[in-house]
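Overview (structure and organization)
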Amino acid sequence: QVQLVESGGGLVQAGGSLRLSCAASGGTFSSYVMGWFRQAPGKEREYVAGIKRSGSRRDYADSVNGRFTISRDNAKNTVYLQMNSLKPEDTAVYYCAAGWQYPPGREGDGMDYWGKGTLLTVSS
């Protein structure tokens, strides 16, 4: 059983940057595809980014491509989401997920484990 704990959320002004982290425990981190998803108030959860087990390939939703970067450190059992040029519409609870499917399914399919999320608020 894999446990995932996100951190790094907070309040940031539009145009700013922030880095989210997700620490994994209880499993072999390097054997999992990792993904980030988000859910804005009143909206469905949406896919943000995914990364292969080795970190060799990365995938992004169109809405964040060019602004967000997903990375992982298998020695530290941690996946990151660097977010630049933030917009108010990026405001959401951000979740990391671990699974077997690359890229992760847009509905979260193929992802077996989920964290509890961290809140990002982008003010205009």
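The notes below deal with the structure included here. All of these numbers come straight from a predicted model, not from anything done at the bench.

Quick look at the sheet that holds strand E8 (residues 78–83) now. Strands sit in the order E1-E3-E8-E7 across an open sheet of four strands; the sheet is antiparallel. The open sheet terminates on both sides in strands that have one partner only, identified here as strand E1 (3–7) and strand E7 (68–73). Put simply, the sheet's adjacent strands are angled 15° from each other on average, direction ignored. Examined bridge by bridge, E1 and strand E3 (residues 18–25) share five bridges and lie antiparallel to one another. By the bridge assignment for E3, Glu6 is matched with Cys22.

Counting buried residues along strand E5 (residues 45–51), five of its seven residues qualify, which places the element largely inside the surrounding structure. One ladder, built from six bridges, connects strand E4 (residues 33–39) with E5; its direction is antiparallel. Within E5, the position partnered with Gly35 by the bridge is Gly50. What sits between E4 and E5 in their antiparallel hairpin is a turn of five residues, with Gly42 showing a positive phi close to 75°. Alignment of E5 against strand E6 (residues 58–60), held across three bridges, turns out to be antiparallel. Bridge pairing in E6 places Ala49 opposite Tyr60.

Here is what the cut-offs are and how they apply
Residues numbered from 1 in each chain as written. Predicted model: local features only at pLDDT ≥ 70, side-chain atom pairs only at ≥ 80, totals over all residues. Heavy atoms only, no water. Pairing = 2+ DSSP bridges. Helix = DSSP H or I, 4+ residues; strand = E, 2+ residues; numbered from the N terminus. Axes fitted to C-alpha atoms, helices over the stretch in contact; angles between N-to-C directions. Buried < 20%, exposed > 50% of the residue type's maximum accessible area, 1.4 Å probe, protein only.

Structural measurements only, silent on function.
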